[in-house]
Amino acid sequence: MPYGCLPLAAFFGLLILLPIFLADIMLTALGRLGLSPGGSMWAALGIFLGGMINIPVKQIPRTEVFESHAFGMFGFERMFPDRIRRAPYTVIAVNFGGCVVPVMIVIYELIRISFHGFTDLILTLLAVAINVAACYHLARPIPKVGIAMPALVPGILAALCGIVFHQELAPIIAFCAGVLGPLIGADLLHLKEIKTIETGVASIGGAGTFDGIVISGLLATLLAY
């Protein structure tokens, strides 16, 4: 081996540093939303760890029988890869880290914006509406995956809306639009298309930390600062 153990050391170094780098970016973005250091830490942990938890909310009966991991709702499908269940329905679930936590932050930020004035709240909702419309037209059903769309577009669009509408509140407006755009436009408004997708589980925010909802919100916050 001409390079000895250098490639292996570099790989493990990257493996260790990458989570730290991602955590630093997330904490920076959450801090720009006005969260305290402690609040940012709890929110980041909720997004990271909550990404393993899917909360089932609905079953859609199907004529076909689909396979899904019995422990997939709790993020343990890799620990028990052979635990497969078969059922004649598709489970609609909500991911805790990829959806619930970001929405809770959005609600908190919308309450804060409402104290700034009615006009600021209207501008925020306008930014959300623009991103919802864009996400709705960009989202497409993908077999065995769910509803998918380009991850970076909603974040960039939300950041532009925040900067144009209100520079002082740009990170907060961008985060709200970046989260609610994919959630409403890509996921909720396309739920009816789940019936056309061959999958046993369709999770809103199901990719957890790296889901489009989280990426869009945090990217928008960083770009709009």
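Since this is a predicted model, take the numbers as computed values, not measurements. The written sequence of each chain sets the order in which its residues are numbered from 1. The model is predicted, so local features are restricted to residues of pLDDT at least 70 and side-chain atom pairs to those at 80 or more, both for listing and for counting; the totals for chains, interfaces and linings are taken over all residues. Side-chain numbers come from the whole structure's heavy atoms, not from hydrogens or water.

> I'd love a proper account of the nonpolar core, names of residues and values included.
Of all hydrophobic cores here, the largest spans 35 residues; its most connected members are L30, I105, F175 and L218. Counting only elements with at least two residues in this core, the list comes to α1 (6–31), α2 (37–50), α3 (96–116), α4 (118–138), α5 (152–165), α6 (170–187) and α7 (212–223). What counts as a helix is a DSSP run of H or I of at least four residues, what counts as a strand is a run of E of at least two, and both are numbered from the N terminus. At 9 residues, the largest contribution of residues to this core is made by α6. Contacts are residue-level and defined by heavy atoms, with any inter-residue pair within 4.5 Å sufficient. Contact partners of L30, with chain neighbours within four places excluded, come to L35, S40, A43, A44, I105 and L218. What makes a nonpolar core is a set of buried Ala, Val, Leu, Ile, Met, Phe, Trp, Tyr and Cys residues whose side-chain atoms join them at distances within 4.5 Å. Per-residue accessibility, obtained with a 1.4 Å probe over protein chains only, is compared with the maximum for each type, and a residue is labelled buried under 20%, exposed over 50%, and partly exposed between these values. Among the nonpolar cores identified, the runner-up in size contains 8 residues, and I60, C135, A139 and A202 belong to it.

> So what's going on with the environment of M104? Which residues, and what values?
With respect to the element layout, M104 can be found in helix α3. Overall, M104 belongs to the exposed group, its relative accessible area being 52%. Between the alpha carbons of M104 and A43 there is a distance of 9.5 Å; along the sequence they are 61 residues apart.

> Quick rundown of the pattern of salt bridges? Include the residues and the values.
By definition here, a salt bridge exists when the distance from a side-chain nitrogen of Lys or Arg to a carboxyl oxygen of Asp or Glu is within 4 Å. Scanning the model with the defined rule gives 1 salt bridge in all. E109 is the salt-bridge partner of R112, the closest N and O atoms lying 3.1 Å from each other. Within this pair, R112 and its partner E109 are both found in helix α3, separated by 3 residues, close to a single helical turn.

> Could you give an account of the side chain of D120, naming the residues involved and the relevant values?
Inspection of the secondary structure puts D120 in helix α4. Of the side chains with opposite charge, R112 comes closest to the buried, unpaired D120, at an N-O distance of 11 Å. Charge assignment in this entry is limited to Lys and Arg as positive and Asp and Glu as negative, and neither His nor the chain termini are counted.

> Explain a nonpolar patch on the surface to me, using residue names and the numbers behind them.
A cluster of nonpolar side chains, contributed by M41, W42, L45, L49, M52, I53, I55, V57 and F96, occupies part of the molecular surface with about 860 Å² of accessible area. When contributions to the nonpolar patch are tallied by element, the ones reaching two or more residues are α2 and β1 (54–69). The leading source of residues in the nonpolar patch is α2, at 4 residues. Residues enter patches when their relative accessible area tops 30% and they take part in no salt bridge; the joining distance is 9 Å for like charges and 5 Å for the nonpolar side chains Val, Leu, Ile, Met, Phe, Trp and Tyr. Under the convention used here, a 1.4 Å probe and the Shrake-Rupley method define accessible areas, while residue burial counts only the protein chains that appear.

> An account of the confidence of the model for the protein chain is requested, with residue identities and associated values reported.
When pLDDT drops low, the exact placement of atoms in the prediction is not to be read closely. Confidence of the predictor in every single residue is expressed as pLDDT, which spans 0 to 100. The share of residues in the protein chain with pLDDT of 70 or more is 68%, and the mean pLDDT across the chain is 77. At the low end of the mean pLDDT range in the protein chain sits α1, at 67; at the high end sits α4, at 93.

> An account of the packing of α4 against α6 is requested, with residue identities and associated values reported.
Where helices are involved, their axes are fitted lines through C-alpha atoms of the stretch in contact, as for all axes, and angles between N-to-C directions lie from 0 to 180°. Where α4 meets α6, the closest approach of the two axes is 7 Å, and the angle between their N-to-C directions is 40°. The chirality of how α4 crosses α6 is right-handed. When α4 is examined against α6, the residues T124, A127, V128, N131, V132, C135 and Y136 are found in contact with a partner set consisting of I173, C176, A177, G178, L180, G181, P182, I184, G185 and A186. Following the grouping adopted for this structure description, the nonpolar residues are Ala, Val, Leu, Ile, Met, Phe, Trp, Tyr, Cys and Pro, the charged ones are Asp, Glu, Lys and Arg, and the polar ones are all others, Gly among them. Looking at side-chain class alone, the contact of α4 with α6 contains 12 nonpolar, 5 polar and no charged residues. A clockwise turn of the near helix away from the far one marks a right-handed crossing, whereas an anticlockwise turn of less than a right angle marks a left-handed crossing.

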